[in-house]
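# Structural overview for review
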Amino acid sequence: MYRRTCILIIALAWAGSLWGLGEPEMIRFEGGEGSLALVSEGAAIPVVLDGAEDPAVELAVETFLEDVERVTGFKPAVLEPVGKPEKAVILVGTLGEDGLVDRLLAEGKLSDMGLSGSWEGFQVEVVDAPLGGIDRALVVAGSDRRGTIYGLYSLSEQMGVSPWYWWADVPVEHREQVYVNPGPFMEKPAVRYRGIFLNDEAPALSGWAQEKFGGFNHEFYSHVFELILRLRGNYLWPAMWGRAFADDDPLNPEVAQRYGIVMGTSHHEPLMRAHDEWRRYGEGPWNYSKNEENLREFWRGGLERVRDEEKLITIGMRGDGDEAMSEETNIALLERIVHDQREIISEVLDRPAEEVPQIWALYKEVQEYYQKGMRVPDDVTLLWCDDNWGNIRRLPLPAERGRSGGAGVYYHFDYVGGPRNYKWINVTPIRKVWEQMHLARQYGADRVWIVNVGALKPMEFPIEFFLTYAWNPERWPYERLDDYSRRWSAREFGEEQAATIASLINGYSRLNRRRTPELMSPETLSLVNFREAERVLAEWRA
């Protein structure tokens, strides 16, 4: 089975929640001073949705209700904003919608923690007498639609629903009662766009998706979207080996918008158009100097198709099939390509290109173009890249850190290319991830973090750390990485064996990283030089 079953779950005899990797702890399983019972005495308090919310919030609310039921066996009811008196409710809403949470903030009943105007922030707080006829309310408020969603899913995780409950079959421990601490709690991300790239997905993920869903369609992607949101990410580059996200299933972009996911395309797929679509529909060579008109229409069509969806647009151009451009390609031509693409963006989206989020991936030889003088407009995010093996090649210099578009990083947990591939096995210790992304943060590359995760599994551990660290780097200094590993293992497998499992996960990724399996050969380890081969084999056996 592609989905792996976790078989060990141990009950925690503790009043608070150890399940969540987020802090501070909002959920507890026994009452405490000022806490509010979400589920107790065989009943769950109802939910009130604050007026006309975004469909993505409505969808997350429904999933949250299912999470409460997974944990307790009781599914909260959903009430109208103005209804019969209630002792307690969960009030969910997004600021700026002129609704109940705005009123609570204006009246001083909801603490002013700077949530308003923040990017994807959320606030969780127990409020007394919030509305007429309601004694107490747990308020889950977001600064925008994803902020509200993250508030709900943070509660879900701390109740005991792992973000991997579906993808890795993580069991949910039953609880008779669930309480929330009074707060207030407020969080917002450090990195604006935080995402994953499904790549090199054949045959593992592609075969499984075909068997279970009939392909990479909206039913498959709905599970990917939910996972990303539960991990507090917001961004996806979809599968692209012979795939075309919007063409394979026209519902894919619509469902991404429905979930609240920001869509993009990979480092070599400009203007929201999958490269495989050129094989399907393109006319003439993939060469702008020889086939400009057809390429412009091809890109225009891709952008028109997702005109109303939230997106982060890749610009620039590489050679056909993610190869380097021809030797004759010059910087002037590439700058003209970017200029023409931005004209298309402005025309299709009916606003200045500088108001539309864009990235230029400085991948492989593209970084050389930059270093030789090629430039893009200031509002475009420069996406610096690693060397495909987890070492970021370059980060912004002081003079580059004032660009309005900022900078980001494209990172790898999986790679297909020279000298050899590495895929399907986790070979990236989180200490390596921490080191590189800590540098990125220090040097101002914090607008976009996206990581190539291959076929998704078995990269659960580094994926979650990458997105968790992007959310709040200060929460996880280097000295706390062992604690992170243990807490992750406890949530997935139970507290009793957490330390041992954490040691195993970190140990095998460390040993794999010394020399990835694909690069091993009979000559790699010496049998005579300090008995190297025997020492390494002993480490693996241990």
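See the structure shown above.
Everything in this summary refers to the structure shown in the same document. (Residues numbered from 1 in each chain as written. Predicted model: local features only at pLDDT ≥ 70, side-chain atom pairs only at ≥ 80, totals over all residues. Heavy atoms only, no water.)

We now examine the overall build of the protein. Counting its regular elements, the protein contains 16 helices and 18 strands. Its C-alpha atoms give the protein a radius of gyration of 24 Å, near enough to 24 Å, the size a compact globule of 542 residues would have. The principal-axis extent of the C-alpha atoms belonging to the protein is close to 75 × 65 × 50 Å. In the protein, once contacts between residues fewer than 6 apart in sequence are set aside, the share between residues at least 24 apart is 74%. Here the protein contributes 60 positive and 86 negative side-chain charges, whose respective centroids are spaced 5 Å apart. (Helix = DSSP H or I, 4+ residues; strand = E, 2+ residues; numbered from the N terminus. Rg over C-alpha atoms; globule rule 2.2 N^0.38 Å. Contact = heavy atoms within 4.5 Å. Lys, Arg positive; Asp, Glu negative; His and termini not counted. Charge placed at Lys NZ, Arg CZ, Asp CG, Glu CD.)

Of all five residues that make up strand S15 (residues 358–362), five are buried, and the element is covered over most of its length. Taking every second residue as pointing to the same face, both faces of S15 are buried, with Gln358, Trp360 and Leu362 on one and Ile359 and Ala361 on the other. Pairing of strand S14 (residues 313–314) with S15, which is carried by two bridges, proceeds in the parallel orientation. If you follow Thr314 over to S15, its bridge partner there is Ile359. Judged from the four bridges that link them, S15 and strand S16 (residues 381–385) form a sheet pairing that is parallel. From the neighbouring strand, Ile359 faces S16, where its bridge partner is Thr381. (Buried < 20%, exposed > 50% of the residue type's maximum accessible area, 1.4 Å probe, protein only. Pairing = 2+ DSSP bridges.)

Let us now look at the packing of helix H14 (residues 481–493) against helix H15 (residues 498–514). The N-to-C vectors of H14 and H15 enclose an angle of 115°; their axes lie 8 Å apart at closest approach. As the angle between them shows, H14 and H15 are arranged roughly perpendicular. Taken as a pair, H14 and H15 cross one another with a handedness that is right-handed. On the side of H14, the interface is formed by Ser485, Arg486, Trp488, Ser489, Ala490 and Phe493, while H15 contributes Ala498, Ala499, Ile501, Ala502, Ile505 and Asn506. For the contact of H14 with H15, a count of residues per class yields eight nonpolar, three polar and one charged. (Axes fitted to C-alpha atoms, helices over the stretch in contact; angles between N-to-C directions. Parallel < 35°, antiparallel > 145°, perpendicular 65-115°, else oblique. Left-handed = near helix turned anticlockwise from the far one by under 90°. Nonpolar A, V, L, I, M, F, W, Y, C, P; charged D, E, K, R; others polar.)

A surface patch of nonpolar side chains, amounting to about 280 Å² of accessible area, comprises Tyr508, Leu537 and Trp540. Considering the arrangement of structural elements, one finds Trp540 in helix H16 (residues 532–541). (Patch = residues over 30% accessible without salt bridge, like charges linked within 9 Å, V, L, I, M, F, W, Y side chains within 5 Å. Areas by Shrake-Rupley, 256 points an atom, 1.4 Å probe, with all protein chains shown as cover. Salt bridge = Lys/Arg side-chain N within 4 Å of Asp/Glu carboxyl O.)

So, on to empty space enclosed by the protein. Scanning all chains against the criterion turns up seven cavities of 30 Å³ or more. As for the largest cavity, its lining consists of 20 residues, and the residues nearest its centre are Phe245, Ala246, Gly264, Thr265 and Met272. Partitioning the lining of the largest cavity into residue classes produces 10 nonpolar, two polar and eight charged. (1 Å grid on protein atoms, 1.4 Å probe; cavity = no way out; pocket = protein on both sides within 12 Å on 5 of 7 lines; lining within 4 Å. Points joined across faces, edges and corners; volume = space filled by probe spheres on them.)

Coordinates in, geometry out; function isn't part of it.
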